[in-house]
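Now for the letters of each chain:
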Amino acid sequence: MITSTRRVSPDKSEVRIAFSLEDTSDVKDVEGIPQTFPDLEQRLQPVPPCVSLRESVQVHKEHCRMAREFHQVKHEIAAIDDCKRQLLADLVEDEKVAMEIARLEEEFLRLTEENRTLMTVHNECAQQLERLCLPNQTRQDSS
């Protein structure tokens, strides 16, 4: 604690002023905060406070808090942008897969119909062969 006593004039009583340098908690807090923030433009960097003014220290602390918050939000936005890019890439891939599935379904339907047609032709040919072979068998059996 520093104390100063002065007599302003001979007929006035003494004026005593006392202050302490012991309460430096705000100053210590400021010393622990980084003074530069790489994400901020130079013109937006916090200016070191005038440590003798509590309001200046408070403004500096608030400015540093906002700079840290800005840094955090900026990184969150970058992470969300990365996630968005990945989701868009996944969407494009899913659309390609969906188109391939649709193409394969069409091909399956076409081949199924072709198979049905071939089975019908096969059955008709088998019946026709049976009809043609039947008279030959009866002729051979009679001989």
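Analysis parameters
- Residues numbered from 1 in each chain as written.
- Predicted model: local features only at pLDDT ≥ 70, side-chain atom pairs only at ≥ 80, totals over all residues.
- Heavy atoms only, no water.
- Helix = DSSP H or I, 4+ residues; strand = E, 2+ residues; numbered from the N terminus.
- Buried < 20%, exposed > 50% of the residue type's maximum accessible area, 1.4 Å probe, protein only.
- Areas by Shrake-Rupley, 256 points an atom, 1.4 Å probe, with all protein chains shown as cover.
- Salt bridge = Lys/Arg side-chain N within 4 Å of Asp/Glu carboxyl O.
- UniProt positions renumbered as here; feature names shortened; annotations may be inferred.
- Polar contact = N/O pair within 3.5 Å; in protein donor to acceptor, adjacent residues only side chain to side chain.
- pLDDT = per-residue confidence, 0-100.
- Contact = heavy atoms within 4.5 Å.

Caption draft 1: Up close: the overall build of the chain. Across its full length, the chain carries two helices and two strands. The order of helices and strands in the chain, counted from the N terminus, is β-β-α-α. Residues classed as buried in the chain amount to 9% of the 143 residues present. Summed over its atoms, the accessible surface of the chain is roughly 12600 Å², and 59% of this surface lies on carbon and sulfur atoms.

Caption draft 2: The pattern of salt bridges, seen in detail. Tallied over the full model, the rule gives eight salt bridges. When the shortest N-O distance is used, the salt bridge between Arg85 and Asp82 registers 2.4 Å. Pair noted here: Arg85 and Asp82 are both in helix 2 (residues 54-142), with a separation of three residues, about one helical turn. Close ionic contact of Arg103 with Glu107 constitutes a salt bridge, the shortest N to O distance being 3.1 Å. Here Arg103 and its partner Glu107 are both found in helix 2, four residues apart, which amounts to about one turn of the helix. Residue class for Arg103 comes out partly exposed when judged on its relative accessible area of 42%. Residue Glu107 is classed as partly exposed on the basis of its relative accessible area, which comes to 28%.

Caption draft 3: Region of interest: the UniProt feature "coiled-coil region" (unreviewed entry) in the chain. Under the UniProt annotation, the feature "coiled-coil region" (unreviewed entry) is placed at residues 94-121. For residues 94-121, the helix share is 100%, the strand share is 0%, and the end-to-end C-alpha distance is 40 Å.

Caption draft 4: View of the environment of Glu100. Looking at the element boundaries, Glu100 is found in helix 2. In terms of polar contacts, Glu100 uses its side chain to reach the side chain of Arg103, at 2.6 Å.

Caption draft 5: Summary view of the confidence of the model for the chain. The predicted model of the chain has a mean per-residue pLDDT of 83, with 72% of residues at 70 or higher. Between residues 18-24, whose pLDDT stays under 50, and residues either more than four places distant or in other chains, the model counts eight contacts.

Caption draft 6: Spotlight on the environment of Glu62. Residue placement: Glu62 occurs in helix 2. According to the relative accessible area criterion, Glu62 is partly exposed, its value standing at 35%. Each C-alpha atom of the pair Glu62 and Pro46 lies 9.4 Å from the other, and the pair is 16 residues apart in sequence.

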